[in-house]
Amino acid sequence: MNAVLDTIVVEDEPLYRELLCTGLMSQLPGIRVAAAFATAEQLLEMAPDLRADVLLTDIDLGDGEDGYALAMRLASARRVRGVVLLSNFAMPALLADAPTTGGVGWAYLLKTSVSDLGQLDLALRGAAAGDLVVDATLTDSLEPQITGPLSNLTSRQSEVLTLMANGWSNQHIADALVLSVRSVESVVSDIIRALSINPHESGINARVACVAMYLRSTKRTQPRP
Amino acid sequence: MKENHDWHEPRLTPFVILALAGVLFMATSFDPWEFDPWTFVIAITATSLLTLTVEASALRIPLDRLLQTRPRAQWFGHYGLASALGSITLIACLEIIGLSQQRAGFVLVLVVITRAANTYIIAYGVDELISFRRDADLARAQLKPSLQLITYVNTRLDKLTQDTYRHDIDTINDCVMKPLVALESTIQHQTSAQAAREVESFIDDQLRPLSQRLHPIAVKVGLIAALAAEGIDVRTAPVVREMDSRGELLDELVQVELFRWITSIGATGQTTGASPSISLIIENRALRIDVTTVVPAELDARQEISGMAVVGPGSITAPLRGQFIDQTAVGRPQQMQDSKDGARLHITSRWTGENDPPVWMIALVALGAAPAVSFIANSFVGPKVIVATAASFLVPVVLYILMQWRQRRRRSDASLGLMALWWVGIGLATSFTVVAIMVVFGSSITLGSFMAEVARYLMRLSLFGGVLTLFGALAASARTTVAEVAEQREVALAERWRTLTDYHERARLIAEVLHRRVQSRLAGIALLFHLDQQSDALAQLREITSELLPQLLTALTDSDLEHAAHLNTVASAKHIHIEYRESPALNILRSEHPRLFGTMVDECAANAYRHGRAQRMRVEVTRDGNWWHVTCSNNGKALDENWRPGLGARQYDDAVGPDGSWSMSRVGATTVVAFTFRASSVENDDQDSPHSTNGAADLVR
């Protein structure tokens, strides 16, 4: 049984906020909305000491502080241990530079993706667990840069890395790719080696470092209109 | 009195003029005695040349340490010293060659004094001419072309901006309004799941790229992240990335224009199949952007004005945050030299009095004229000469002061002709006075000597004084022209920035309304479909197509940015002034049920602002046993006849609980929302509910 995750929601569009809190998140077992606010300022004024497991915030919150800045503020104050960024824009590369010190996890979801409760659940739990999680809709439109470090990966390794970026566990990946968990672990180890990440370095979460490098070394393929 | 004279670096010109005048004077006034004519001419010419050489050398004597760096002191010191040494040389030479003609000692002193006075007078006039020429050149060669360029660029910018405005309106109409109306019609006959997918596809495929293209508000979180979202790789140092993510790399305006430029390269790359490679380097207080693989686009007027500049093939620079310099405001246009646009340089024919020579300068002019009272070769100085000399000094000075006083009183500029007449009058008055004094003291004045005196004063007083005043008027005129052109230039620059910032503000508003009010609402509508709340979803969609977007288009067509900004506002309680009628019941409710009370007031205020554009709201609380009554009255406009409770009304239902009720009505010019609820029925909810949502929720649908 998963532990209950207290979540703070910050979203300026009232309809979306209402539906997110009452319509969707209430359907997720083990997820509880601790409080909901329209703006960053409202949160900081009305609940200056509020702590929760996850902050779920829209990036664009109007004229005041944006959601990313709010997330950085709460994460650095250890008031949340995970952040899920919601946006109408496809900018997952933001996560590549997000600070993960102290085990803070980050997720990036498009607003149109939250209706997929599985994806929302993965993002919330992945962020709370200190992972980097990217909307699957977005990773579908990412491809490795030609000269980047991902160019050394095999297609299987790329596939597994993409699923890691989507917040999937090894078990989950193994089920999806019809592999044993041990095989997946082996592929993950190969990925870590191929990306020259030292898993024993202090303060490094190898899985998070792999996803961060994935985000830095990919670009969108979707043509601009 | 304020001194407008510019004390220029001492120069030889006054001494050259004095030397020529001296040769002329000696040739016409001296008796050559035993010299033959050629020897006489050579002698006086050589004397003047030697004097000039001494004066030129004297001007090089460094007086900085003695006179520090004050220009006025330097001016007086250099000219005075050079004149004194020159006069001594002149007198010595004349003595040596035998042309001194045994003049008295005081006459020699007078020579030194009058030469110094004349030097100062000529130097002062030369200074005024230099000031005039400098300011006229500045206006003609720099400011005027600069103003013309700014005006020209402003015209281009205006046209570009107007075209963009029209294009934006067409784009919103064709790419948002019409497709949404069509979507509304299509999804009426679809299942909720199908409708949700349609709405999501519209957001993903059309609205998101469009709102980002109209104004890349995504750059708010960083240029590099926004470029990555567009599929453009950027190579740069970690420090640049860090500055960018902290918003410390570029000014917002520059950031947006740079984003537009780089994404236009990305578009080129997609057309040609090449992938642009972009690197960012900080160099000389600017961000250098190098593009390889594809040919970058040229900079447009807005980008140039934003400080971006081409520095090489495929390379541009953009000013770092706070380092902006308007390059087009300092450039000199090649194609604009003969343009009739912009300010013209004209030297006014009016006399403002602004640069009139000071009174002491006119006193010097009078002093220079005084020894001409026919005693220059006379060793005897009697009362007649003293009184006449004093009069010839005082009369012009007094009349000059009178002339200035009159000019100041009139407060309007006189013509230069009137000023010339004044000086003729001063010359005549002085000469008449001097002649009258001489007659009074018994001198016999012939018509010829009278005319000679008059002519002398007209030459020495009227001409010198008039020329000094004319040169001063010219200098003042050029200075005024410079100030006017500089002001027009500043106004044109301010106008440019207003156009540019208006454009960005408008573009930002369009994008934010599309992004925040339409796209986010559509995302909510998609959720409503996912949750099988089809009628609510359609009502929300109808509000976008029949209210929000038409209002946006009208506001943009009318350039009513204030209205557009209002559309962009997600209403909240902070937009309205709330008054509370103090009562014990109010205090109890506020302290015992803060979240419930806060939600009611917050929602009421947000709806009053959003739907009624109310400015004030009054809150009253009463208690009747177990029942609470909360009334929120606002001064917003009347409710639409077709209003009906919508999704947000459920929050009120939740707030008042199963036993309570709420109503909305119009009483006179006031809209009243009244809540009635039982304390016991809401108590548990208020204390236990972990997620009472704050902020704005819609009430009227």
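None of the values given here were measured: they were computed from a predicted structure.

Things to note about the overall build of chain A
Consideration 1: Helices and strands together make up the secondary structure of chain A, namely nine helices and eight strands.
Consideration 2: Looking at chain A residue by residue over its 225 residues, the buried ones come to 60%.
Consideration 3: Of the accessible surface of chain A, which amounts to about 8700 Å², a share of 51% is contributed by carbon and sulfur atoms.

Comments concerning the overall build of chain B
Consideration 1: Scanning chain B from N- to C-terminus turns up 20 helices and 12 strands.
Consideration 2: Looking at the 701 residues of chain B, the share that counts as buried comes to 50%.
Consideration 3: Long-range pairs, those at least 24 residues apart, make up 77% of the contacts in chain B with a sequence separation of at least 6.
Consideration 4: Carbon and sulfur atoms form 57% of the exposed surface of chain B, whose accessible area is close to 32500 Å².

Structural notes on the packing of aromatic side chains
All names here are of chain B.
Consideration 1: Within the structure shown, the criterion is met by 15 aromatic pairs over all chains.
Consideration 2: Taken together, a centroid distance of 5.9 Å and an interplanar angle of 45° make the contact between F15 and Y79 tilted. A residue pair is termed long-range when its members are at least 10 positions apart, and F15 in helix α1 (residues 13-29) and Y79 in helix α4 (residues 71-97) qualify at 64 residues.
Consideration 3: Ring centres 6.4 Å apart and planes at 85° place the aromatic pair Y124 and W360 in the edge-to-face group. Placement of Y124 in helix α5 (residues 105-187) and of W360 in helix α11 (residues 359-369) is noted, with a sequence separation of 236 residues between them.
Consideration 4: Y124 gets classed as buried once you look at its relative accessible area, which sits at 2%.

With respect to the nonpolar core
Consideration 1: Membership of the largest hydrophobic core comes to 93 residues, with the highest contact counts inside it found for W106(A), L258(B), W261(B) and I289(B).
Consideration 2: It is helix α9 (residues 206-216) of chain A that contributes the most residues to this core, eight residues altogether.
Consideration 3: A128(A), F202(B), L214(B) and A537(B) belong to the second-largest nonpolar core, a separate cluster that totals 62 residues.

Observations regarding the confidence of the model for chain A
Consideration 1: Here chain A averages 86 in pLDDT, and 96% of its residues register 70 or above.
Consideration 2: Across chain A, the secondary-structure element scoring lowest on mean pLDDT is strand β8 (residues 218-220) of chain A, at 75, and the one scoring highest is strand β3 (residues 54-58) of chain A, at 95.

Details of the interface of chain A and chain B
Consideration 1: Across the contact, 45 residues belong to chain A and 54 residues belong to chain B.
Consideration 2: Summing both sides of the interface, chain A and chain B together bury roughly 4400 Å²; the carbon and sulfur share of this comes to 58%.
Consideration 3: Between chain A and chain B we count one salt bridge in total.
Consideration 4: E13(A) serves as the salt-bridge partner of R521(B), at 3.2 Å between the closest nitrogen and oxygen.
Consideration 5: Listing elements by their share of the side of chain A that touches chain B, those giving two or more residues are α1 (14-24), β2 (31-37), α2 (40-46) and β8 of chain A.
Consideration 6: The greatest single-element share of the side of chain A that touches chain B, amounting to nine residues, is contributed by α1(A).

Focus: the environment of L183(B)
Residue and element names in this part refer to chain B.
Consideration 1: Among the secondary structure elements, L183 is positioned in helix α5.
Consideration 2: Residue classification places L183 among the buried positions, given a relative accessible area of 8%.
Consideration 3: On a C-alpha basis, the gap between L183 and E198 in space is 7.7 Å, while along the polypeptide they are 15 residues apart.

Topic: the packing of α11(B) against helix α14 (residues 447-530) of chain B
All names here are of chain B.
Consideration 1: Packing of α11 against α14 brings their axes to within 9 Å, and their N-to-C directions diverge by 160°. Taken as axis vectors, α11 and α14 run roughly antiparallel relative to one another. Between α11 and α14 the crossing geometry is right-handed. Contact residues: α11 offers M361, V365, A366, G368 and A369, while α14 offers Y457, R460, L461, F464, G465 and L468.
Consideration 2: Tallied by class, residues from the contact of α11 with α14 come to eight nonpolar, two polar and one charged.

Concerning the sheet that holds strand β4 (residues 309-312) of chain B
Residues and elements named next belong to chain B.
Consideration 1: Read across the sheet, five strands follow the order β1-β2-β3-β5-β4 without closing on themselves; strand pairing throughout is mixed. Each edge of the open sheet is held by one strand with a lone partner, namely β1 (234-236) and β4. Strand-to-strand twist across the sheet, computed as the mean angle between neighbouring axes with direction ignored, equals 30°.
Consideration 2: Inspection of the sheet shows strand β3 (residues 286-292) paired to strand β5 (residues 315-319) by five bridges, in the antiparallel sense. Residue pairing for β5: D290 is matched across the bridge by S315.
Consideration 3: Helix α8 (residues 238-245) rests against β1, β2 (277-283) and β3 of the sheet, and its axis sits at about 115° to β1.

Side note on the confidence of the model for chain B
Detailed reading of predicted coordinates is not advised where the pLDDT is low.
Residues and elements named next belong to chain B.
Consideration 1: Per-residue confidence for chain B averages 80 on the pLDDT scale, and 82% of its residues sit at or above 70.
Consideration 2: When mean pLDDT is compared element by element in chain B, helix α2 (residues 37-59) scores highest at 91, while helix α20 (residues 679-688) scores lowest at 51.
Consideration 3: Listed scores for the predicted complex are pTM 0.63 and ipTM 0.85.

Overview of unusual backbone geometry
Consideration 1: Even without being a glycine, R78(A) presents a positive backbone phi close to 60°.
Consideration 2: In this structure, R78(A) sits in the loop between α3 (67-76) and β4 (82-87).
Consideration 3: The exposure class of R78(A) is exposed, given its relative accessible area of 52%.
Consideration 4: Of note in this structure, R285(B) is not a glycine but carries a positive phi near 60°.
Consideration 5: Within the secondary structure, R285(B) is located in the loop between β2 and β3.
Consideration 6: Note on R285(B): relative accessible area 63%, which makes it exposed.

Details of the pairing of strand β9 (residues 616-624) of chain B
Residues and elements named next belong to chain B.
Consideration 1: Pairing of strand β8 (residues 577-580) with β9 involves four bridges; the strand directions are parallel. Residue pairing across strands places E579 opposite R618, the latter belonging to β9.
Consideration 2: As paired elements, β9 and strand β10 (residues 627-634) share eight bridges and run antiparallel to each other. Bridging across to β10, E620 finds its partner in T631.
Consideration 3: Count of turn residues in the β9/β10 antiparallel hairpin: two residues, of which G625 carries a positive phi of about 65°.

Re the pattern of salt bridges
All names here are of chain B.
Consideration 1: For the structure shown, the criterion picks out 36 salt bridges over all chains.
Consideration 2: In this structure, the salt-bridge partner of E495 is R498, at a minimum N-O distance of 2.9 Å. Highlighted residues: E495 and R498, both in helix α14, separated by three residues, approximately one helical turn.
Consideration 3: With relative accessibility at 35%, the residue E495 sits in the partly exposed group.
Consideration 4: Connected through shared salt-bridge partners, D6, R134, D135, E354 and R479 make up one network.

Details of a nonpolar patch on the surface
Consideration 1: A surface patch of nonpolar side chains, about 240 Å² in accessible area, is lined by L12(B), V16(B) and L20(B).
Consideration 2: With respect to the element layout, L20(B) can be found in helix α1.

Topic: empty space enclosed by the protein
Consideration 1: Enumeration over the complete set of coordinates arrives at four cavities of 30 Å³ or more.
Consideration 2: By volume, the second largest cavity amounts to about 120 Å³.
Consideration 3: Every residue lining the second largest cavity is listed: I59(A), D60(A), D66(A), S87(A), F89(A), M91(A), I217(B), A218(B), K220(B), V221(B) and H515(B).
Consideration 4: Of the residues contributing to the lining of the second largest cavity, the split by class is six nonpolar, two polar and three charged.

So, the environment of P14(A)
All names here are of chain A.
Consideration 1: Counting through the fold element by element, P14 comes out in helix α1.
Consideration 2: Judged by relative accessible area, P14 falls into the buried class, the value being 4%.
Consideration 3: For the pair formed by P14 and A38, sequence separation is 24 residues and the distance between their alpha carbons is 7.4 Å.

A look at the sheet that holds strand β11 (residues 661-667) of chain B
Residue and element names in this part refer to chain B.
Consideration 1: One open sheet accounts for five strands, arranged β8-β9-β10-β12-β11; its pairing is mixed. Of all the strands in the sheet, just β8 and β11 have a single pairing partner and so form its edges. For this sheet the average axis-to-axis angle between neighbouring strands, irrespective of direction, equals 20°.

What to know about the environment of Q303(B)
Residue and element names in this part refer to chain B.
Consideration 1: Mapping Q303 onto the fold places it in helix α10 (residues 301-305).
Consideration 2: Given a relative accessible area of 3%, Q303 falls into the buried group.
Consideration 3: Each C-alpha atom, one on Q303 and one on A318, is 9.2 Å from the other, the two residues being 15 residues apart in sequence.
Consideration 4: Here Q303 is in contact with E257, R260, W261, E298 and M308, once residues within four sequence places are set aside.

About the criteria used
- Residues numbered from 1 in each chain as written.
- Chains lettered and ligands numbered in written order.
- Predicted model: local features only at pLDDT ≥ 70, side-chain atom pairs only at ≥ 80, totals over all residues.
- Heavy atoms only, no water.
- Helix = DSSP H or I, 4+ residues; strand = E, 2+ residues; numbered from the N terminus.
- Buried < 20%, exposed > 50% of the residue type's maximum accessible area, 1.4 Å probe, protein only.
- Areas by Shrake-Rupley, 256 points an atom, 1.4 Å probe, with all protein chains shown as cover.
- Contact = heavy atoms within 4.5 Å.
- Phe/Tyr/Trp six-rings, centres within 6.5 Å; stacked < 30°, edge-to-face > 60°.
- Core = buried A, V, L, I, M, F, W, Y, C linked by side-chain atoms within 4.5 Å.
- pLDDT = per-residue confidence, 0-100.
- Buried area = accessible area lost by both parts, 1.4 Å probe.
- Salt bridge = Lys/Arg side-chain N within 4 Å of Asp/Glu carboxyl O.
- Axes fitted to C-alpha atoms, helices over the stretch in contact; angles between N-to-C directions.
- Parallel < 35°, antiparallel > 145°, perpendicular 65-115°, else oblique.
- Left-handed = near helix turned anticlockwise from the far one by under 90°.
- Nonpolar A, V, L, I, M, F, W, Y, C, P; charged D, E, K, R; others polar.
- Pairing = 2+ DSSP bridges.
- Patch = residues over 30% accessible without salt bridge, like charges linked within 9 Å, V, L, I, M, F, W, Y side chains within 5 Å.
- 1 Å grid on protein atoms, 1.4 Å probe; cavity = no way out; pocket = protein on both sides within 12 Å on 5 of 7 lines; lining within 4 Å.
- Points joined across faces, edges and corners; volume = space filled by probe spheres on them.

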